[in-house]
Protein chains: 2
Amino acid sequence: MAESERGPRERMVFSAAQLIRREGVGATGMREVAAHAEAPRGSLQHYFPGGKEQLVNEAVGWAGRYAGKRVARFLAALAEPTPSGLFAEMVRQWTDEYRTEGFAGGCPVAAATVDCAESSTSTREAAATAFATWTGPVAEALRDMGVPGERAGALATLMISALEGAILISRAEQDTRALTTVARELGPLLDAATHTTG
Amino acid sequence: MAESERGPRERMVFSAAQLIRREGVGATGMREVAAHAEAPRGSLQHYFPGGKEQLVNEAVGWAGRYAGKRVARFLAALAEPTPSGLFAEMVRQWTDEYRTEGFAGGCPVAAATVDCAESSTSTREAAATAFATWTGPVAEALRDMGVPGERAGALATLMISALEGAILISRAEQDTRALTTVARELGPLLDAATHTTG
DNA sequence: TGCCGACTATGACCGCGGTCATAGTAGCCG
DNA sequence: CGGCTACTATGACCGCGGTCATAGTCGGCA
């Protein structure tokens, strides 16, 4: 999450995602995004003529692609890839962050869904796309591990659902308990799916 | 969710929860709450001298107690109580709402967490309390069904995590798929916990 | 040199919304 | 009746923030 030297436009999208996941969409100001990205304020209307909605949508899209790409790295980190191992890595990304940086941020896609699902169709769609962009690689990884086709998608949805919910609870409680709990409880179920014929 | 004839104060708290779960905390105005509750605007500062923060906190607390009480009703609706049956009822409350009323609202506690966890300590704590108020009865119900003590709490957290995440995804996708998926995939795991000694 | 496009810079506008101040009403009690 | 308490009513204040308008810089290219 620390790719620093990109163009100002990309930095603004990145910063928007960072701020949104901390404060929510409503509480994140355009000027604030520019300042955080160390980008000129005037660039906002130049790069994002669609205004805040466009910026938010791109931030959500960025987050979805980021999450999707992470899956490959998680797999690479596993000596022997298993569903529970993948899920443990997904959870660990959050427990690590919370332990080292505090419970400041949540998932930007969740924030956008909560704040914009009803008010902005385009942002809601961006969130749905982001979830799909994230679920896809997870499901594919499960399939590669021997999980039957249809169940792979279902289990990927379950994994991401449990993760998102646990992020919420952990943030509220300022305790990683919920995250570690879902990893522990869901692991056996996920691994069992590789043995079942489906 | 339709208890109409209470005092104006209670109606405002109820309305706040309704609006928050649709639009998020930031986009919900005080005047809007009063209007929705058909309560006089002047009553806001009278009943909630602590301002918006107090109102939001009470709305979150109300939502937590509401969710906790629902558990008993879900159990009563089950001929033979099982963990998977309880979870299915919890999920069904949402799928029913989404099918009949559209995907307008999410969980108010989730909304408050996303929007206020970083900016307001008291609201974050209210959210944590709400999650606890909700998890408690679920865990107790699991214990009554024969789930061993420590696992009951863990599974309750898992159930609520998965439910919250699936609510998010379903809202974004405007499709109850995620909700029905987690109910289906998690059911067997929950029921299996009643047989295991632990 | 002079034009042009891309990007930057800033101030102004304007609505929204939380809060405060101040006053009004209604009912009860003494 | 006077006064007290609970509640209601409204207008004003004021900062925030998204957007717009307008102008400035800067590099390349002919």
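Everything numeric in this text was worked out from a predicted model, so none of it was measured. Every residue gets a number counted from 1 within its own chain, in the order that chain's sequence is written. Labels follow written order: the first chain is A, the first ligand is 1, and so on. Residue-level local features of this predicted model are given only where pLDDT is at least 70; pairs of side-chain atoms are given and counted only at 80 or more, and the full residue set underlies all totals for whole chains, interfaces and linings. Excluding hydrogens and water, the side-chain figures rest on all heavy atoms present in the structure.

Draft legend 1. Up close: the protein's contact with DNA strand C. Residues in contact with DNA strand C amount to 16 residues; listed here are only the nearest, A:Pro40, A:Arg41, A:Ser43, B:Met30 and B:Arg31. If even one non-hydrogen atom of a residue comes within 4 Å of a molecule or strand, that residue is called near it. Sugar plus phosphate: this is where 50% of the atoms of DNA strand C within 4 Å of the protein reside. Pairs of N or O atoms within 3.5 Å make up the polar contacts considered here, provided that, within protein, one atom can donate a hydrogen while the other can accept it, and that residues adjacent in sequence are counted only when both atoms are side-chain atoms. Here A:Arg41 contributes a side-chain N or O atom positioned 2.4 Å from a base oxygen of DNA strand C. Here a phosphate oxygen of DNA strand C and a side-chain polar atom of A:Ser43 are 2.2 Å apart. A run of DSSP states H or I qualifies as a helix once it reaches four residues; a run of E qualifies as a strand once it reaches two. Both are numbered from the N-terminal end. Broken down by secondary-structure element, the contributors of at least two residues to the surface near DNA strand C are helix 3 (43-47) of chain A together with helix 2 (30-36) and helix 4 (51-77) of chain B. Here the element with the most residues in the surface near DNA strand C is helix 3 of chain A; it accounts for four residues. Lys, Arg, Asp and Glu make up the charged group, whereas Ala, Val, Leu, Ile, Met, Phe, Trp, Tyr, Cys and Pro make up the nonpolar group; the residues left over, Gly among them, are polar. Looking at side-chain class alone, the surface near DNA strand C contains three nonpolar, eight polar and five charged residues.

Draft legend 2. Here's a closer look at the nonpolar core. In this text, buried Ala, Val, Leu, Ile, Met, Phe, Trp, Tyr and Cys residues form a nonpolar core when linked through side-chain atoms within 4.5 Å. Between buried and exposed lies partly exposed: a residue is buried under 20% and exposed over 50% of the maximum accessible area for its type, with that area taken using a 1.4 Å probe on protein chains only. Counting 144 residues, the largest nonpolar core has A:Phe87 and B:Phe87 as its most contacted members. Apart from residues lying up to four places away in sequence, A:Phe87 is in contact with A:Met159, A:Ala162, A:Leu163, A:Val182, A:Ala183, A:Leu186 and A:Leu190. Contacts: residue pairs with any heavy atoms within 4.5 Å of one another.

Draft legend 3. Representation of the relation of the copies chain B and chain A. Mapping chain B onto chain A leaves a residual RMSD of 0.0 Å; the transformation is a rotation of 180° accompanied by 0.0 Å of translation along its axis. Each copy turns onto its partner about a two-fold axis. Copies overlap after least-squares fitting; the atoms used are the C-alpha atoms of residues with pLDDT of at least 70 in both.

Draft legend 4. Local environment of the protein's contact with DNA strand D. The full set close to DNA strand D counts 16 residues, and A:Met30, A:Arg31, A:Gln45, B:Arg41 and B:Ser43 are the nearest of them. Within 4 Å of the protein, atoms of DNA strand D come from sugar and phosphate in 50% of cases. The contact in question runs from a phosphate oxygen of DNA strand D to an N or O atom on the backbone of A:Met30, over 2.5 Å. Measuring from a phosphate oxygen of DNA strand D, one finds a side-chain N or O atom of B:Ser43 at 2.2 Å. Listed by contribution, the elements that provide at least two residues to the surface near DNA strand D are helix 2 (30-36) and helix 4 (51-77) of chain A together with helix 3 (42-47) of chain B. Considering every element that reaches the surface near DNA strand D, the biggest residue donor is helix 3 of chain B, with five residues. Its residues assigned to classes, the surface near DNA strand D comprises three nonpolar, eight polar and five charged.

Shape descriptors only; they carry no functional weight alone.
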